[in-house]
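What follows is each chain in one-letter form.
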Amino acid sequence: DDGTLLAGIAQRLNGLREDAAAAAFQASRLELWGLYAGVGLWDVIMPSSGDVNDDTPCYWSPQFCRLLGFTGKGDFPAVLGSWSSLLHPEDQVPALNAFVAHLSDRSGRTPFDIEYRLKVRSGGYRWFRAMGGTERDTHGKPLRCCGAVTDIDDEMTRQESKARHDEQHSTR
């Protein structure tokens, strides 16, 4: 009867509203984490071909962009090359090799946890630590890789300064 059909439709609409409210809450939570957690979040969407390159789509959180001195999508495009092009020349090969090794290990046992320098918008370099993990299908093929970067420049600068100081005083 029409009353039962309408009641079923109304119940389904209510369920959809509740799902939409829950999704909006989760989206809000993720946005707040991305803004205020103190780390830059990133997410690489793996191409179905498995071929990762500078054009591979990515998500860079607003905080990730801010850590590098950028404001967002307009000046930091949502592709992997936005990040890889900023790697310090001495850190480029080790960082990219670590990323590829992590993605290539179908067992998922090779971590992505590396320290490197990135060029910030002002033109200088700062030290960052990147950590990430990968969601894989049942055969170990990477589907999505995400993680966070933390600014460790102050700590690394102190360590480098101490090492120079210790070296100068040990040769006297």
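Residues numbered from 1 in each chain as written. Predicted model: local features only at pLDDT ≥ 70, side-chain atom pairs only at ≥ 80, totals over all residues. Heavy atoms only, no water.

**With respect to the pairing of strand E5 (residues 142–151)**
Then comes step 1: Across six bridges, the pairing between strand E1 (residues 40–45) and E5 is antiparallel. Bridging across to E5, Asp-43 finds its partner in Cys-146.
Then comes step 2: Here nine bridges tie strand E4 (residues 125–136) to E5, and the two strands are oriented antiparallel to one another. Paired with Gly-133 across the bridge in E5 is Cys-146.
Then comes step 3: As consecutive antiparallel partners, E4 and E5 are separated by five residues, and within that stretch Gly-140 has a phi angle of approximately 90°, a positive value. (Pairing = 2+ DSSP bridges. Helix = DSSP H or I, 4+ residues; strand = E, 2+ residues; numbered from the N terminus.)

**A look at the side chain of Thr-56**
Then comes step 1: Secondary-structure assignment places Thr-56 in the loop between E1 and strand E2 (58–60).
Then comes step 2: There is a polar contact of 2.8 Å between the side chain of Thr-56 and the backbone nitrogen of Asn-53.
Then comes step 3: Setting aside anything within four residues of it in sequence, one finds Thr-56 in contact with Val-44, Ile-45, Pro-47, Asp-51, Ala-78, Val-79 and Leu-80. (Polar contact = N/O pair within 3.5 Å; in protein donor to acceptor, adjacent residues only side chain to side chain. Contact = heavy atoms within 4.5 Å.)

**Brief notes about the confidence of the model for the protein**
Then comes step 1: Mean pLDDT over the protein: 91, with 96% of residues reaching 70 or higher.
Then comes step 2: Per-element averaging of pLDDT across the protein places helix H1 (residues 2–36) at the bottom with 83 and strand E3 (residues 112–119) at the top with 98. (pLDDT = per-residue confidence, 0-100.)

**Notes on the pattern of salt bridges**
Then comes step 1: Tallied over the entire structure, the rule returns eight salt bridges.
Then comes step 2: Between Arg-121 and Asp-75 there is a salt bridge whose closest N-O contact spans 2.3 Å. Here Arg-121 is found in the loop between E3 and E4, whereas its partner Asp-75 is found in the loop between helix H2 (62–67) and helix H3 (80–84), with 46 residues between them in sequence.
Then comes step 3: Arg-121 gets classed as partly exposed once you look at its relative accessible area, which sits at 48%.
Then comes step 4: The partner of Asp-113 in a salt bridge is Arg-129, with the nearest N and O atoms 2.5 Å apart. Remark: Arg-129 occurs in strand E4 and Asp-113 occurs in strand E3; sequence separation between them is 16 residues. (Salt bridge = Lys/Arg side-chain N within 4 Å of Asp/Glu carboxyl O. Buried < 20%, exposed > 50% of the residue type's maximum accessible area, 1.4 Å probe, protein only.)

**Focus: the sheet that holds E1**
Then comes step 1: Overall, antiparallel pairing links the five strands, which are arranged E2-E1-E5-E4-E3 in an open sheet. Only two strands of the sheet have a single partner each, and these edge strands are E2 and E3. Going from strand to strand, the sheet's axes swing by 25° on average, the running direction of each strand aside.
Then comes step 2: Of the strands in this sheet, E1, E3, E4 and E5 touch helix H4 (residues 89–104), which is tilted by about 150° from E3.
Then comes step 3: Packing of helix H5 (residues 153–170) onto the sheet brings it into contact with E3, E4 and E5, and relative to E4 it is tilted by some 125°. (Axes fitted to C-alpha atoms, helices over the stretch in contact; angles between N-to-C directions.)

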